[in-house]
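Residues per chain are reported as follows:
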Amino acid sequence: MHSPQHLVRAARHYDGAAQILVRNAVSIANKFVAVISGGTLPSIGEWVICECPARVDLFGGWTDTPPICYELGGSVVNASILLDGKRPIGAKVRRTATFDILLISDDGCQLCIKQLNDLLDYNQPSAPGALVKACLLCTNIVKLSLGKTLAEQLQDRFGSGFEIHTWSNLPRGSGLGTSSILAGAILASLWFAFGMNVDRLSIIHAVLCVEQMLTTGGGWQDQVGGLMGGVLHATSRPVLPVNVVVRRLLLSDELVSRLRRHLLLVYTGKVRLAKNLLQNVVRNWYARDTEVYSTFLTLYRQSFEFVGAFTKGDLEEIGRLMNIYWELKKVLAPGAEPALVYSMMQQLRPHVYGQHLCGAGGGGFMVLLTRKPDSQELIRSEISQLDGTDGVIVTEVDFDFDGVCVLVGDKKVELL
């Protein structure tokens, strides 16, 4: 290594090798994907519709990220939520009479896949339809190396092509887990449209595989919150393959009602920019940066304290841990607290037990635990006193205890 250029080149090679190792390690989570075939294909033109809640992370986020989740262990508390009383993320699929695959996104963009070569850019996240393409290949419904054309595969196996619609009613960069949850909705709708059956935990593990195929490399907490329903504690042990175990917290009706009166979501109006954020966090983990390692260890251990405080309904302790969670997030992701968000948090501090930005931070939604119940108007008034907050929206947290909803025609499918 005789020059800076050689050092940079070597670092890139090592970084690329590490990403391949993580990808291969996570891909064996497909061991926990159980798909039951032999069901009845829906009729031509009959829609299979899958709708999912968003998720709010409450404690432990980042520990679900490979390789942390299988080297240290992962432990996350999050909740499934509705927005405006609806599940905001979804996909729908129907069989068509033509032997191709039509993709239609919520912005009206259409892409018709007529040959296998059209699927080859599935591992380029910015390519049109990359997420759906990765899902199609992950399900093994379409295979690149089968020796048959796309039309032949579709005709032989299903006697039809497919039309796939995807949507999200959340703003871009919301911090509410959109892309991973959307992957789960796509996988579920595809499998049921193919006449197959699958359970929620299988979809959770399949999304892990999809994101490795896509090279975005996400963790497992988003799809847990978007599929399971309720307030959840999900964990993975420090072993391979990654096996996500999910437990719904048992909350009394009185406690749920109380939490609803104290929890608020605030859309900051600022788009979260997370480019290269995941890679930087993973690099710091592999460098065994002392502060980063200590932060992950604290996140993991205190997530169990958070479970205890939440099930007891100790609002003051929940809020204290939420504030700790936010400080830990900022250690892992410098720049996660933009100036506007800092000003908002300072303005709201006297009125909340705790607060933090959802997801990786940097923008999107903020979750608050207010000191007084029914404080929506108070919070809105306090925020309005700050410059640059015209786009801020304050809304109540509406828990979704059912999770993913799948309809085949007009018949609801019960997922385990």
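Heads up: these notes are all about the structure in this document. (Residues numbered from 1 in each chain as written. Predicted model: local features only at pLDDT ≥ 70, side-chain atom pairs only at ≥ 80, totals over all residues. Heavy atoms only, no water.)

It is worth spelling out the overall build of the protein chain at this point. Helices and strands together make up the secondary structure of the protein chain, namely 13 helices and 18 strands. Rg of the C-alpha trace for the protein chain: 22 Å, near the compact-globule value of 22 Å for 416 residues, within the 12% margin. Taking all 416 residues of the protein chain together, 53% fall into the buried category. Of the contacts formed within the protein chain by residues at least 6 apart in sequence, a portion of 76% connects residues at least 24 apart. Accessible surface, the protein chain as shown: approximately 18,300 Å² in total, 51% of it carbon and sulfur. When the 39 positive and 39 negative side-chain charges of the protein chain are each reduced to one mean point, those points stand 5 Å apart. (Helix = DSSP H or I, 4+ residues; strand = E, 2+ residues; numbered from the N terminus. Rg over C-alpha atoms; globule rule 2.2 N^0.38 Å. Buried < 20%, exposed > 50% of the residue type's maximum accessible area, 1.4 Å probe, protein only. Contact = heavy atoms within 4.5 Å. Areas by Shrake-Rupley, 256 points an atom, 1.4 Å probe, with all protein chains shown as cover. Lys, Arg positive; Asp, Glu negative; His and termini not counted. Charge placed at Lys NZ, Arg CZ, Asp CG, Glu CD.)

Look at the link from Pro 66 to Pro 67: it is a cis peptide, with omega at 5 degrees. With respect to the helices, strands and loops of the structure, Pro 67 is situated in the loop between strand 3 (54-59) and helix 2 (68-73). Cis peptide bonds are those with omega within 30 degrees of zero, and the linkage from Leu 240 to Pro 241 qualifies with -5 degrees. Within the secondary structure, Pro 241 sits in the loop between strand 10 (231-236) and strand 11 (245-248). Of note, Asp 84 is a non-glycine position whose phi angle comes to about 55 degrees, a positive value. Residue position: Asp 84 is located in the loop between strand 4 (74-82) and strand 5 (89-96). At Asp 374, a position not held by glycine, the phi torsion is positive, near 55 degrees. In this fold, Asp 374 is placed in the loop between strand 14 (365-370) and helix 13 (376-384).

Strand pairs in the sheet, formed through backbone hydrogen bonds, run parallel or antiparallel to each other. Strand order in the open sheet formed by seven strands is 7-6-8-5-2-17-18, with mixed pairing between adjacent strands. The open sheet is flanked by strand 7 (110-113) and strand 18 (411-413), the only strands paired with a single partner. Strand-to-strand, the axes of this sheet are offset by a mean angle of 20 degrees, without reference to chain direction. Note that strand 6 (residues 101-104) and strand 8 (residues 161-168) share four bridges and pair parallel. Pairing of Ile 104 across the sheet is with His 165, part of strand 8. Packing against the sheet, helix 5 (residues 178-193) makes contact with strand 2 (48-52), strand 5, strand 8, strand 17 (405-408) and strand 18, and its axis sits at approximately 25 degrees to strand 5. (Pairing = 2+ DSSP bridges. Axes fitted to C-alpha atoms, helices over the stretch in contact; angles between N-to-C directions.)

Here we come to the pattern of salt bridges. Tallied over the entire structure, the rule returns 16 salt bridges. Asp 57 serves as the salt-bridge partner of Lys 329, at 2.7 Å between the closest nitrogen and oxygen. Linking Lys 329 in helix 11 (residues 315-332) with Asp 57 in strand 3, this pair joins segments that are 272 residues apart in sequence. Owing to a relative accessible area of 0%, Asp 57 belongs among the buried residues under this scheme. We note a salt bridge from Glu 377 to Arg 380, for which the minimum N-O separation is 2.5 Å. Note that Glu 377 and Arg 380 are positioned in helix 13 at a spacing of three residues, about one turn of the helix. Arg 380 gets classed as partly exposed once you look at its relative accessible area, which sits at 31%. Because the salt bridges share partners, they merge into one network encompassing Arg 55, Asp 57, Asp 222 and Lys 329. (Salt bridge = Lys/Arg side-chain N within 4 Å of Asp/Glu carboxyl O.)

Looking now at helix 12 (residues 339-348). Inspection of helix 12 places Val 341, Met 344, Met 345 and Leu 348 among the buried residues, and these make up the whole buried set. Each buried residue of helix 12 lies within a common arc of 95 degrees when the element is viewed along its axis, so the set occupies one face. Tucked inside the fold, the buried residues of helix 12 contact strand 12 (263-267), helix 11, strand 13 (352-357), strand 14 and helix 13. (Arc of directions from axis to C-beta.)

Let's shift gears to the packing of helix 5 against helix 6 (residues 200-214). Across the interface, helix 5 lies against helix 6 with an axial gap of 9 Å and an inter-helix angle of 115 degrees. By the criterion of interaxial angle, the relationship of helix 5 to helix 6 is roughly perpendicular. Viewed along their axes, helix 5 and helix 6 form a crossing whose handedness is right-handed. Taking contact as the criterion, the partners of Ser 179, Ser 180, Ala 183, Gly 184, Leu 187, Ala 188 and Trp 191 in helix 5 are, on helix 6, Ile 203, Ala 206, Val 207, Val 210 and Glu 211. Split into classes, the residues belonging to the contact of helix 5 with helix 6 amount to eight nonpolar, three polar and one charged. (Parallel < 35°, antiparallel > 145°, perpendicular 65-115°, else oblique. Left-handed = near helix turned anticlockwise from the far one by under 90°. Nonpolar A, V, L, I, M, F, W, Y, C, P; charged D, E, K, R; others polar.)

Turning our attention to the side chain of Glu 163. Following the sequence through the fold, Glu 163 ends up in strand 8. Look at Glu 163 and you get buried, because its relative accessible area is 11%. Among the polar contacts listed, one links the side chain of Glu 163 to the side chain of His 165, at a separation of 2.6 Å. Setting aside residues up to four positions removed in sequence, Glu 163 forms contacts with Trp 47, Lys 92, Val 93, Arg 94, Thr 96, Leu 102 and Ile 104. (Polar contact = N/O pair within 3.5 Å; in protein donor to acceptor, adjacent residues only side chain to side chain.)

Scanning the entire structure with this criterion turns up 11 aromatic pairs. Taking 5.1 Å as the distance between ring centres and 25 degrees as the angle between the ring planes, the aromatic pair formed by Phe 158 and Phe 194 counts as stacked. Remark: Phe 194 occurs in the loop between helix 5 and strand 9 (197-198) and Phe 158 occurs in the loop between helix 4 (150-157) and strand 8; sequence separation between them is 36 residues. On the basis of relative accessibility, which here comes to 7%, the residue Phe 158 falls in the buried class. Between Phe 162 and Phe 194 the ring centres are 4.9 Å apart and the planes differ by 75 degrees, which places this aromatic pair in the edge-to-face class. Of the two residues, Phe 162 is situated in strand 8 and Phe 194 in the loop between helix 5 and strand 9; the sequence distance between them amounts to 32 residues. Like Phe 194, Phe 162 is buried. Taken together, the ring pairs connect Phe 59, Phe 306, Phe 310 and Tyr 325 into an aromatic cluster. A cation over a ring is seen here: Lys 92 above Trp 47, with NZ or CZ 4.3 Å from the ring centre. For Arg 288, the ring lying beneath its charged end belongs to Trp 285, and the centroid distance is 4.4 Å. (Phe/Tyr/Trp six-rings, centres within 6.5 Å; stacked < 30°, edge-to-face > 60°. Lys NZ or Arg CZ within 6 Å of the ring centre and 35° of its normal.)

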